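Working through the structure, step by step
Listed below are the residues making up each chain.
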Amino acid sequence: LLHFTASITNGGGLVKDPIFGVQTSALKLKRNAEMYQWQEHVKSTSVKNETDGSVKTTNTYSWKKGWYGSLINSNNFKPCNCSEKHVNPTSMEFKSDGWTASNIKIGAFDLPDKLKGEINWASPLSAGVDNITDATLRERAAPYNGGYYFGDAVPSTSTSSVASPTSTEYPI
């Protein structure tokens, strides 16, 4: 085990998200993508019959919308006797991803590639819609929580996707 104190810097060029064009001189750039979608919840209640010892289990299903970082398959949701359909999209337009500077320096030394994955501290990075280099994406994007929102309705009430380059990792 080796301990030392030195500056850690990005000794290469900018780290860039190739889809959104966001770039930074930080050590790492992460894109956090989420989609507003249904999640099914099941509550099981078991009651033992005192006469014959049998157990009857009743499942109660409920559905709640929320922001999730991976696709939730709604094909196997229990049907509901209600007016609302609990159907999620079948794909996410944007996925979470990350990029690391090609050359990270600790003082005068290069950080070995196998240690770059150990860098796990982060700080939020706000990116405006103007950062998006693709004109078609830029036209569809709306600012949302320091990132971007893509969809037809208000984020709190729709099933849509949001891609947010919300964190960079650099020394604190």
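Worth saying up front: this structure is predicted, and the values here are computed from it rather than measured. (Residues numbered from 1 in each chain as written. Predicted model: local features only at pLDDT ≥ 70, side-chain atom pairs only at ≥ 80, totals over all residues. Heavy atoms only, no water.)

Formed by 21 residues in total, the largest nonpolar core has its most connected members in F20, I104, I132, Y148 and F150. Those elements that place two or more of their residues in this core are β4 (28-48), β7 (104-106) and β11 (147-150). (Core = buried A, V, L, I, M, F, W, Y, C linked by side-chain atoms within 4.5 Å. Buried < 20%, exposed > 50% of the residue type's maximum accessible area, 1.4 Å probe, protein only. Helix = DSSP H or I, 4+ residues; strand = E, 2+ residues; numbered from the N terminus.)

Glancing now at the pairing of β4. Pairing between β4 and strand β6 (residues 97-100): 4 bridges, direction antiparallel. Residue pairing in the sheet places K30 in a bridge with G98 of β6. As paired elements, β4 and strand β5 (residues 55-68) share 14 bridges and run antiparallel to each other. Bridge pairing in β5 links K48 to V55. A loop of 6 residues connects β4 with β5, the two strands running antiparallel in sequence, and G53 in this loop sits at a positive phi of about 80°. (Pairing = 2+ DSSP bridges.)

In this section: the confidence of the model for the chain. Atomic detail in the predicted coordinates should be set aside for any region of low pLDDT. For the chain, the average pLDDT comes to 83, and 88% of its residues sit at 70 or higher. Counted against residues more than four places away or in other chains, residues 163-172, with its pLDDT under 50, gives 58 contacts. (pLDDT = per-residue confidence, 0-100. Contact = heavy atoms within 4.5 Å.)

All right, on to the packing of aromatic side chains then. All told, the structure shown has 7 aromatic pairs when counted by the stated rule. Between the aromatic rings of W67 and Y144, the centroid separation amounts to 5.8 Å while the plane-to-plane angle is 40°, which identifies the pairing as tilted. In this pair, W67 is assigned in strand β5 and Y144 in strand β10 (residues 142-144), connecting sequence segments 77 residues apart. Both rings, one in Y144 and one in Y149, keep their centres 5.8 Å apart while their planes meet at 50°; by these two values the pair is tilted. Aromatic rings pair up to connect F20, F94, Y148 and F150 into one cluster. (Phe/Tyr/Trp six-rings, centres within 6.5 Å; stacked < 30°, edge-to-face > 60°.)

The topology assignment puts H86 in the loop between β5 and β6. With relative accessibility at 11%, the residue H86 sits in the buried group. For the pair H86 and Q37, spaced 49 residues apart in sequence, the C-alpha separation works out to 8.7 Å. Those residues in contact with H86 that sit more than four places away from it in its chain are W38, W63, S74, F77 and C80.

Bringing the side chain of K28 into the picture now. Inspection of the secondary structure puts K28 in strand β4. Judged by relative accessible area, which is 12%, K28 ranks as buried. For K28, the side chain forms a polar contact with the main-chain oxygen of K116, separated by 3.2 Å. Polar contacts involving the side chain of K28 include one to the main-chain carbonyl oxygen of I119, which spans 3.0 Å. (Polar contact = N/O pair within 3.5 Å; in protein donor to acceptor, adjacent residues only side chain to side chain.)

Further remarks concern the environment of L125. Looking at the secondary structure, you find L125 in the loop between β9 (123-124) and α2 (135-140). Residue classification places L125 among the partly exposed positions, given a relative accessible area of 21%. Sequence separation of L125 and G147 is 22 residues, and the distance between their C-alpha atoms is 8.4 Å.

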